[in-house]
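Chain residues, written in single-letter form:
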Amino acid sequence: VQLQASGGGLVQAGGSLRLSCIASGRTFSSYAMGWFRQAPGKERDLVSGVTWNGGSTYYADSVKGRFTLSRDNAKNTVYLQMNSLTPEDTAVYYCAAKAGMFTSAQALRRGYDYWGQGTLVTVSS
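Treat the numbers as computed from the prediction; the structure is a model and nothing was measured. (Residues numbered from 1 in each chain as written. Predicted model: local features only at pLDDT ≥ 70, side-chain atom pairs only at ≥ 80, totals over all residues. Heavy atoms only, no water.)

A. The arrangement of the overall build of the protein chain in detail. Helix and strand counts for the protein chain come out as zero helices and 11 strands. For the protein chain, the α and β elements follow one another from N to C terminus as β-β-β-β-β-β-β-β-β-β-β. Relative to the globule expectation of 14 Å for 125 residues, the C-alpha radius of gyration of the protein chain, 13 Å, shows essentially globular dimensions. Of all 125 residues assigned to the protein chain, the portion counted as buried reaches 45%. Taking the intrachain contacts of the protein chain between residues at least 6 apart in sequence as the baseline, contacts between residues at least 24 apart amount to 60%. Here the protein chain contributes 12 positively and 7 negatively charged side chains, and the mean placements of these two sets differ by 6 Å. (Helix = DSSP H or I, 4+ residues; strand = E, 2+ residues; numbered from the N terminus. Rg over C-alpha atoms; globule rule 2.2 N^0.38 Å. Buried < 20%, exposed > 50% of the residue type's maximum accessible area, 1.4 Å probe, protein only. Contact = heavy atoms within 4.5 Å. Lys, Arg positive; Asp, Glu negative; His and termini not counted. Charge placed at Lys NZ, Arg CZ, Asp CG, Glu CD.)

Next comes the structure, spelled out in structure tokens:
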């Protein structure tokens, strides 16, 4: 699976962005998908994840109520809608894929197999 992330950019605090991640291959629907982010000098952390069928999702506490992850299996694409952005959201955002048709949201938190190249989100104050 190859992943191509896009949609990053510069936005003012309070603004919105939508990230997209397009996956190659015919088996996209059998993968869980996640968005991670890495700020300068910090570790890469999971922001949000969704199971293969969209039945379970995970959101980091820091983005709950502001970010929404969705997937369109017909388009091999996963989206991350980010609203009410703050400077603390500034990071490189990566999409990732995890093989397995599991249903547990807890299983979304680690163990990803494939990674995209990252897209930079910068939120100015």
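Picking up after the structure, the text goes on.
B. Here's a closer look at the layout of surface pockets. Its volume calculated, the largest pocket comes out at about 160 Å³. Forming the boundary of the largest pocket are 14 residues, of which Arg-37, Ala-39, Lys-42, Asp-45 and Glu-88 lie nearest the centre. If you list the elements that add at least two residues to the lining of the largest pocket, you get strand 4 (31-38) and strand 5 (45-50). Of the residues forming the lining of the largest pocket, the biggest block, three residues, is contributed by strand 5. (1 Å grid on protein atoms, 1.4 Å probe; cavity = no way out; pocket = protein on both sides within 12 Å on 5 of 7 lines; lining within 4 Å. Points joined across faces, edges and corners; volume = space filled by probe spheres on them.)

C. Examining the state of the cysteines more closely. Overall, the coordinates contain one disulfide when judged by the stated rule. Here Cys-21 engages in a disulfide with Cys-95; their sulfurs sit 2.1 Å apart. The S-S bond linking Cys-21 to Cys-95 shows a torsion near 60°; that makes this disulfide right-handed. Residue Cys-21 is located in strand 3 (residues 17-23), and its partner Cys-95 is located in strand 9 (residues 91-99); the two are separated by 74 residues in the primary sequence. Assessed through its relative accessible area of 0%, Cys-95 is described here as buried. (Disulfide = S-S within 2.5 Å.)

D. Expanded view of unusual backbone geometry. Of note in the backbone geometry, Asn-76 takes a positive phi value of approximately 55° without being a glycine. By the secondary structure assignment, Asn-76 is in the loop between strand 7 (67-72) and strand 8 (77-82). A relative accessible area of 17% places Asn-76 in the buried class. The phi angle at Ser-84 is positive, at roughly 50°, despite the residue not being glycine. Mapped onto the fold, Ser-84 is located in the loop between strand 8 and strand 9.

E. Structural view of the side chain of Thr-51. In this structure, Thr-51 sits in the loop between strand 5 and strand 6 (57-59). Of the residues examined, Thr-51 reaches a relative accessible area of 0% and is grouped as buried. Ignoring any residue separated from it by four or fewer positions in sequence, one finds Thr-51 in contact with Tyr-31, Ala-32, Ser-56, Arg-71, Phe-102, Thr-103, Ser-104 and Leu-108.

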